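Chain by chain, the residues run as shown.
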Amino acid sequence: MDFKDTDVSHARELDARDELASYRDEFVIDDPNLIYLDGNSLGRLPKRTVDFMRNAIEHEWGVRLIRGWNEGWIDMPTELGAKIARLVGAQADEILVTEGTSINLFKLAAAALKARPDRTGVVSDVLNFPSDLYILQGLIELMGKKHHLNLIPSADGISIADEVVDAAIDSKTALVSLTHVAFKSAFMYDMARVTEHAHKAGALMLWDLSHSVGAVPVDLNACNADLAVGCTYKYLNGGPGSPAFLYVRRDLQAQLSQPMWGWFAAEDPFAFDLEFKPANDISRYRVGACPILAMKAVEPAVELLLEATMERIRAKSVQQTEYLIFLADQWLTPLGFILGTPRQAEMRGSHVSLRHPEGYRISRALIESPPPAVQVIPDFRPPDNIRLGITPLYTTFCEIHQALDRMRAIVEGKIYEQYSSERLTVT
Ligand SMILES: *Cc1c(COP(=O)(O)O)cnc(C)c1O
């Protein structure tokens, strides 16, 4: 992709040609001085979610009371799952919205290890989100330390080569558990290739889609993926701490067994039997009553993405990450920044990490500089990554231009020196 020049007029032209431009209006954006490139730890609030939630609280809860369970609440994990299924290439009955990503990973990884009792290898990688690794470590400890966690190395801290992945998987591997798009570098695996390799070795494959769903097209069925989990508060704009989802391929649903035998995982929860008999479908992966209100907030946001289509979202995301990298090459590389993200679009998700030794103070300056300076919210990921998230439904080319121009000014003018290097709790 070729960009003409670094002038703002070019950014304006790109915005004028943007097919998805009208979607920005679907979001609550009330501070014209704020550029939100949080990448993407918490998506923006869709306007339609506000009315939807008002109705859920005032009418469904306030008026319908306990009757609400029979008027749709009980089926929300599967009904909403069916909508998310369309974003990730799964069947309607293969996705369940429930709990958090870490908990779902625990349930599915445990089910996978139980299904491969003769194997002791668990494969993940050093780019993975630490929570995923902690969950695997805790599970191994709980299962009597018979398993060994093998982390695939990364030569450059950004990506992992095919042959390195392949070498880590062997006939002892029970489970390969990887995050499709890496949280720091945005490196994206070839899901079909890795899944096929894991299957050839006889292992089960579990994908974490937290930074993929709503950001890049995913086709779980076409890849023949066994298991997956994912987050809804990032690119699905479901709100802070919104419940996560899990995927179990249909033919595996009744074969595998997850370890948390709550009443909603039972064949008939309202029979109140004293002995657990699991459901034979995706409900087997439920646990207890679900957070209805939190789940409600996910629905209108998912519908927005379905309307916009993942194809168009991906096309704009690639164009915007390319544009961001183009500006970074021109303006920021001479100032000591290095690109912490793959250059090839097909190996990259929807965020870009720019690394600088003063990354933390630069990100504080971006967030905290008082007006008239434009405020930019990125994420900071140690040791030196400023992570800029592109959300094609509301990110504009002009915002990318302004944000990178601001980064340039902060470093050129040494403005970051006015900010403390002491870390805040949430970065
Ligand atoms: C965001 C994220 C999570 C979050 O897990 P929670 O249990 O929802 O806190 C897990 N894994 C990955 C890869 C993530 O990006």
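Residues numbered from 1 in each chain as written. Predicted model: local features only at pLDDT ≥ 70, side-chain atom pairs only at ≥ 80, totals over all residues. Heavy atoms only, no water.

Engineer: How would you summarise the sheet that holds strand S9 (residues 338-339) if you had to cite specific residues and measurements?
Structural biologist: With antiparallel pairing, four strands are arranged side by side in an open sheet as S9-S10-S13-S12. Taken across any chain shown, the strands that pair with only one partner, and hence form the sheet edges, are S9 and strand S12 (379-381). Inspection of the sheet shows strand S10 (residues 351-355) paired to strand S13 (residues 385-389) by five bridges, in the antiparallel sense. Each residue of the ladder has a partner; that of leucine 354, found in S13, is isoleucine 386. Sheet contacts for helix H13 (residues 359-368): S12 and S13; angle to S13, the most-contacted strand, approximately 40°. (Pairing = 2+ DSSP bridges. Helix = DSSP H or I, 4+ residues; strand = E, 2+ residues; numbered from the N terminus. Contact = heavy atoms within 4.5 Å. Axes fitted to C-alpha atoms, helices over the stretch in contact; angles between N-to-C directions.)

Engineer: Requested: an account of the pairing of strand S6 (residues 204-208), with residues and values cited.
Structural biologist: S6 sits mainly inside the fold: five of its five residues count as buried. Going residue by residue along S6, you find Leu204, Leu206 and Asp208 tucked away on one face and Met205 and Trp207 tucked away on the opposite face as well. In this sheet, S6 lies alongside strand S5 (residues 173-179) in parallel orientation, the contact comprising five bridges. Note on S6: the bridge partner recorded for valine 176 is methionine 205. Considered for its hand, the β-α-β crossover made up of S5, helix H7 (residues 191-200) and S6 is right-handed. Relative to strand S7 (residues 227-230), S6 runs parallel, the two sharing three bridges. By the bridge assignment, aspartate 208 is partnered in S7 with valine 229. (Buried < 20%, exposed > 50% of the residue type's maximum accessible area, 1.4 Å probe, protein only. Right-handed = clockwise from strand over helix to strand, strands pointing away.)

Everything listed here is a matter of coordinates, which is why it stays silent on function.
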